[in-house]
Amino acid sequence: MASVVWGLVAGFFTYETTKSVVVKSWSVGIINRIVQLLIITYFVGWVFIHEKAYQVTDTGIESSVMTKVKGFGYQNNRVMDVADYVVPSQGSTMFCILTKIIMTENQFQGVCPESSDKFSCDRDENCTKWLGSNLSNGVITGKCLKSFNESRGHCEIEGWCPAENDQVKIKPMLDVENFTIFIKNSIRFPLFNVTRGNFPSTMTSAEIKKCTYHPVSAPFCPIFRVGDVLQDTGHNVSELAAKGGEIGINIEWKCNLDQDIEYCVPKYFFTKLDAPFAKNSISTGYNFRFAKYFKTENGTEFRTLHKAYAIRFDILVTGNAGRFSTIPTLISLVTAFTSVGLGSVLCDIILLNFLKGAEQYKAKKFEEVTEAQIEACITPSPGSQLSLRPGVKSSCDSGAISLSPSD
């Protein structure tokens with residue numbers, strides 16, 4: 001029993017090496033080296049240099065954004081300032097600049113005719129089909145209201161009267177192109193406890209007031225001219241001001257912390273987020289409604305309804321940071337060395353299937369062992385080629401030889 005256990009232990013602590021076949025072929029050798037060169041170039045150029053596989057990466061960026069808009073414009077013969085055209089006023093990552101406002105003043109609760117031609121009628125039966133509709137400016141009562149001298153009228157609604165008429169032609173506020181947006185962005189990479197801001201801490205207030213962002217001449221200025229932002233998206237100001245739209249300002253942080261921290265700076269990209277719906281006739285642009293409420297002297301409530309067309313800005317902050325680490329470096333190196341062996345696999349496929357002399361290569365690479373040969377190994381005849389000197393044993397497989405410590 002002890003000898004069996006010892007045999008198992010001795011067999012476990014052995015090392016076997018594979019049988020190698022040297023093929024002296026120019027074509028196969030060139031293919032092998034080209035494949036190895038391509039694999040090495042890929043890992044050095046793309047994996048290590050471009051993708052920085054030797055670094056540990058933090059993608060959980062923490063961000064805070066504060067915005068301010070400045071500028072004056074004209075709308076409905078009124079001077080509009082920031083308090084009039086910026087919604088909401090808190091200066092968060094999303095804000096709207098109102099460019100066109102259709103106002104319906106002095107609305108009181110009551111009943112009145114609809115304003116849209118969709119709800120025109122000549123008798124009550126034309127209105128009952130709209131009962132429960134959400135397309136009207138109020139609750140449809142089912143009655144058809146006509147003026148004294150008209151043959152057709154409009155369906156009656158119950159709600160805020162008079163009903164809104166949003167087909168009024170209003171000139172948009174084109175002054176929006178000269179407005180400026182101040183963006184203050186601070187970020188933190190928690191894995192490395194690194195914090196950064198989107199403009200240098202050494203920049204003075206006087207410098208900030210005079211600068212305007214430009215991707216080449218002033219890439220770190222935090223003040224953006226609206227006209228430049230819209231132009232960068234490929235759309236003109238008059239179209240967006242008339243119908244509204246959604247613009248994305250992407251602040252991208254990609255930091256290599258193996259370099260000086262001062263090289264960890266943001267890059268800005270501008271996109272039109274509603275571009276997929278530009279040719280959709282159902283929903284184009286961007287608009288919403290809000291109301292301002294008042295009371296008469298006797299306490300009756302009334303309101304002014306605003307339908308606002310706006311350019312909506314969304315501030316998007318993305319990025320990652322990387323720093324050298326031993327573990328990903330070792331993993332990438334092992335992967336690279338293992339992948340170099342793909343050249344041998346490809347060459348084996350070519351040698352075994354496509355080149356002349358494939359059968360001879362198979363005979364050299366793969367050696368078949370029959371039961372007769374195994375028996376001969378167990379009980380070799382004196383003087384045969386299988387008789388080896390004491391201490392050297394043939395494994396009777398594909399040419400592997402086991403050597404004892406005494407050798």
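Quantities reported herein were computed from a predicted structural model and do not represent experimental measurements. (Residues numbered from 1 in each chain as written. Predicted model: local features only at pLDDT ≥ 70, side-chain atom pairs only at ≥ 80, totals over all residues. Heavy atoms only, no water.)

Details of the overall build of the protein chain
Here's step 1: Each helix and strand in the protein chain was counted, giving 11 helices and 18 strands.
Here's step 2: Out of the 407 residues in the protein chain, the part that is buried amounts to 32%.
Here's step 3: Relative to all contacts within the protein chain whose residues are 6 or more apart in sequence, the contacts with residues 24 or more apart total 68%.
Here's step 4: When the accessible surface of the protein chain is split by element, carbon and sulfur atoms take 57% of a total near 26,400 Å². (Helix = DSSP H or I, 4+ residues; strand = E, 2+ residues; numbered from the N terminus. Buried < 20%, exposed > 50% of the residue type's maximum accessible area, 1.4 Å probe, protein only. Contact = heavy atoms within 4.5 Å. Areas by Shrake-Rupley, 256 points an atom, 1.4 Å probe, with all protein chains shown as cover.)

Describing unusual backbone geometry
Here's step 1: In this model, valine 87 is joined to proline 88 through a cis peptide bond whose omega is -10°.
Here's step 2: One non-glycine residue, lysine 52, adopts positive backbone phi at about 50°.
Here's step 3: With respect to the helices, strands and loops of the structure, lysine 52 is situated in the loop between α2 (26-50) and β1 (55-58).
Here's step 4: With phi around 55°, asparagine 106 is a residue other than glycine that occupies positive phi space.
Here's step 5: Relative to the helices and strands, asparagine 106 is located in strand β6 (residues 94-113).

Remarks on the state of the cysteines
Here's step 1: Evaluated as defined, the whole model comprises 5 disulfides.
Here's step 2: The disulfide partner of cysteine 112 is cysteine 161, and the S-S distance across this bridge is 2.1 Å. On the sign convention where negative is left-handed, the bridge of cysteine 112 and cysteine 161, at about -85° about the S-S bond, is left-handed. With a gap of 49 residues between them, cysteine 112 in strand β6 and cysteine 161 in strand β9 (residues 153-161) connect regions that are remote in the sequence. Cysteine 161 matches cysteine 112 in its accessibility class, with the two residues each being buried.
Here's step 3: With a sulfur-sulfur separation of 2.0 Å, cysteine 121 is cross-linked through a disulfide to cysteine 144. Measuring the twist about the S-S bond at about 100°, one finds the cysteine 121-cysteine 144 disulfide to be right-handed. A residue pair is termed long-range when its members are at least 10 positions apart, and cysteine 121 in strand β7 (residues 120-121) and cysteine 144 in strand β8 (residues 139-145) qualify at 23 residues. (Disulfide = S-S within 2.5 Å.)

Some points on the packing of α2 against helix α9 (residues 342-353)
Any two packed helices are characterised by how steeply their axes cross, that is the angle between the axes, and by the distance between the axes.
Here's step 1: Where α2 contacts α9, the two axes come as close as 8 Å, and the packing angle between them is 150°. By the angle between their directions, the pair α2 and α9 is classed as roughly antiparallel. As for how α2 packs across α9, the hand of that crossing is right-handed. Taking contact as the criterion, the partners of Val28, Ile31, Asn32, Val35 and Ile39 in α2 are, on α9, Leu342, Gly343, Ser344, Leu346, Cys347, Ile350 and Leu351. (Axes fitted to C-alpha atoms, helices over the stretch in contact; angles between N-to-C directions. Parallel < 35°, antiparallel > 145°, perpendicular 65-115°, else oblique. Left-handed = near helix turned anticlockwise from the far one by under 90°.)

Overview of a nonpolar patch on the surface
Here's step 1: A cluster of nonpolar residues, Met1, Val5, Trp6, Val9, Phe12 and Phe13, forms a patch on the protein surface that exposes about 800 Å² of accessible area.
Here's step 2: Mapping methionine 1 onto the fold places it in the segment before α1 (2-12).
Here's step 3: The class for methionine 1 is exposed, based on a relative accessible area of 80%. (Patch = residues over 30% accessible without salt bridge, like charges linked within 9 Å, V, L, I, M, F, W, Y side chains within 5 Å. Salt bridge = Lys/Arg side-chain N within 4 Å of Asp/Glu carboxyl O.)

Description of the pairing of strand β16 (residues 301-324)
Here's step 1: Relative to β16, β1 runs antiparallel, the two sharing 4 bridges. By the bridge assignment, threonine 57 is partnered in β16 with glycine 322.
Here's step 2: Pairing between β6 and β16: 12 bridges, direction antiparallel. Bridging from a neighbouring strand, phenylalanine 108 pairs with phenylalanine 302 of β16.
Here's step 3: Judged from the 12 bridges that link them, strand β13 (residues 245-256) and β16 form a sheet pairing that is parallel. (Pairing = 2+ DSSP bridges.)

Some remarks on the side chain of asparagine 198
Here's step 1: In this structure, asparagine 198 sits in the loop between β11 (194-197) and α5 (205-210).
Here's step 2: At 3.0 Å, the side chain of asparagine 198 and the backbone nitrogen of asparagine 185 are in polar contact.
Here's step 3: Residues within four places of asparagine 198 in sequence aside, it is in contact with Ile183, Lys184, Asn185, Phe220, Pro222, Trp253, Pro266 and Tyr268. (Polar contact = N/O pair within 3.5 Å; in protein donor to acceptor, adjacent residues only side chain to side chain.)

Observations concerning the nonpolar core
Here's step 1: Membership of the largest hydrophobic core comes to 44 residues, with the highest contact counts inside it found for Tyr85, Ile97 and Phe313.
Here's step 2: Residue assignment for this core shows that the elements contributing at least two residues are β2 (62-70), β6, β10 (180-189), α6 (226-232), α7 (237-243), β13, β14 (266-272) and β16.
Here's step 3: Residue contributions to this core peak at 6 residues, all from β16.
Here's step 4: When neighbours within four sequence positions are excluded, tyrosine 85 is seen to be in contact with Val69, Lys70, Gly71, Phe72, Met80, Cys96, Ile97, Leu98, Met173 and Phe179.
Here's step 5: In this structure, Cys127, Ile157, Cys161 and Ala163 belong to the second largest nonpolar core, which totals 11 residues. (Core = buried A, V, L, I, M, F, W, Y, C linked by side-chain atoms within 4.5 Å.)

What about the packing of α2 against helix α8 (residues 326-340)?
Here's step 1: Taken N-terminus to C-terminus, the directions of α2 and α8 make an angle of 160°; their axes are 9 Å apart at the nearest point. Our classification of the angle between α2 and α8 gives roughly antiparallel. Where α2 crosses over α8, the two elements pack in a sense that is right-handed. Between α2 and α8, the contacting residues are Gln36, Ile39, Ile40, Phe43 and Phe48 on the first element and Ser332, Leu333, Thr335, Ala336, Ser339 and Val340 on the second.
Here's step 2: Taken together, the residues of the contact of α2 with α8 sort by class into 7 nonpolar, 4 polar and no charged. (Nonpolar A, V, L, I, M, F, W, Y, C, P; charged D, E, K, R; others polar.)

Side note on the pattern of salt bridges
Here's step 1: According to the stated counting rule, one finds 11 salt bridges in the structure shown.
Here's step 2: Salt-bridge contacts for glutamate 262 lead to arginine 196; the nearest nitrogen and oxygen are separated by 3.9 Å. Of this pair, glutamate 262 sits in the loop between β13 and β14 while arginine 196 sits in strand β11, and the two are 66 residues apart along the sequence.
Here's step 3: The exposure class of glutamate 262 is exposed, given its relative accessible area of 54%.
Here's step 4: Residues joined by salt bridges that share partners form a network here, namely Asp122, Arg123, Glu125 and Arg152.

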